[in-house]
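Architecture at a glance
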Amino acid sequence: MAKGYWIAHVRVDDVEPYGLYATGATEAFKKYGGRPLARGGIVVSLEGTERPRNVVIEFDSVDAALRCYHSPEYQAARSLRVGHAVGDIMIIEGC
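Below is a summary of the structure that appears in this document.

Criteria and thresholds
- Residues numbered from 1 in each chain as written.
- Predicted model: local features only at pLDDT ≥ 70, side-chain atom pairs only at ≥ 80, totals over all residues.
- Heavy atoms only, no water.
- Helix = DSSP H or I, 4+ residues; strand = E, 2+ residues; numbered from the N terminus.
- Rg over C-alpha atoms; globule rule 2.2 N^0.38 Å.
- Buried < 20%, exposed > 50% of the residue type's maximum accessible area, 1.4 Å probe, protein only.
- Contact = heavy atoms within 4.5 Å.
- Pairing = 2+ DSSP bridges.
- Axes fitted to C-alpha atoms, helices over the stretch in contact; angles between N-to-C directions.
- Patch = residues over 30% accessible without salt bridge, like charges linked within 9 Å, V, L, I, M, F, W, Y side chains within 5 Å.
- Areas by Shrake-Rupley, 256 points an atom, 1.4 Å probe, with all protein chains shown as cover.
- Salt bridge = Lys/Arg side-chain N within 4 Å of Asp/Glu carboxyl O.

Within the chain one finds 3 helices and 4 strands. In summary, the chain has a C-alpha radius of gyration of 13 Å against a globular reference of 12 Å for 95 residues, a match within 12%. With the C-alpha coordinates of the chain rotated into their principal frame, the extents come out at 35 × 30 × 15 Å. Taking all 95 residues of the chain together, 31% fall into the buried category. Counted over contacts in the chain with a minimum sequence separation of 6, partners at least 24 positions apart contribute 77%.

Right, here's the structure in full:
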């Protein structure tokens, strides 16, 4: 079965609530088997819209990543992020 990858490109507008989101999201990722591959760090933008915070979380499958996203734990964390950061979040199937 192909792995699932949660990818987020984010601009944080308010650091304090985003930090609370990150704590809650991390707990949800752990509960649903997510493993961080990249979180923050150096970004070299070559094309497209640059966002300074980029995250890649590996899951055992797309289904596991979707279960995490739709979980009560992640949705509670998400409510802390909405309005304090702008970004794109997607889940893709690995090859």
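Okay, the sheet that holds strand β1 (residues 4-12) next. Within a sheet, adjacent strands bond to each other through the backbone by hydrogen bonds, running parallel or antiparallel. In space, the 4 strands of this open sheet follow the order β2-β3-β1-β4, with antiparallel pairing throughout. On the outer flanks of this sheet lie β2 (35-39) and β4 (85-93), each paired with one strand and no other. Averaged over all pairs of adjacent strands, the angle between strand axes in this sheet comes to 15 degrees, irrespective of strand direction. Of the strand pairs in this sheet, β2 and strand β3 (residues 53-59) are connected by 4 bridges, and their pairing is antiparallel. Considered in β3, the bridge of Arg39 is made with Val55. Of the strands in this sheet, β1, β2, β3 and β4 are in contact with helix α1 (residues 15-31), which crosses β1 at around 170 degrees. Where helix α2 (residues 62-70) meets the sheet, its contacts fall on β1, β3 and β4, and the angle it forms with β4 comes to roughly 150 degrees.

The subject of this paragraph is a nonpolar patch on the surface. Taken together, the side chains of Ile42, Val44 and Leu46 present a nonpolar region at the surface, about 420 Å² in accessible area. You can see Ile42 is positioned in the loop between β2 and β3. What makes Ile42 exposed here is its relative accessible area of 82%.

The full count for this structure, using the stated rule, is 7 salt bridges. Arg35 is the salt-bridge partner of Glu58, the closest N and O atoms lying 3.2 Å from each other. Here Glu58 is found in strand β3, whereas its partner Arg35 is found in strand β2, with 23 residues between them in sequence. Judged by its relative accessible area of 13%, Glu58 is buried. What emerges from the salt-bridge pattern is a single network uniting Arg35, Glu58 and Asp60.

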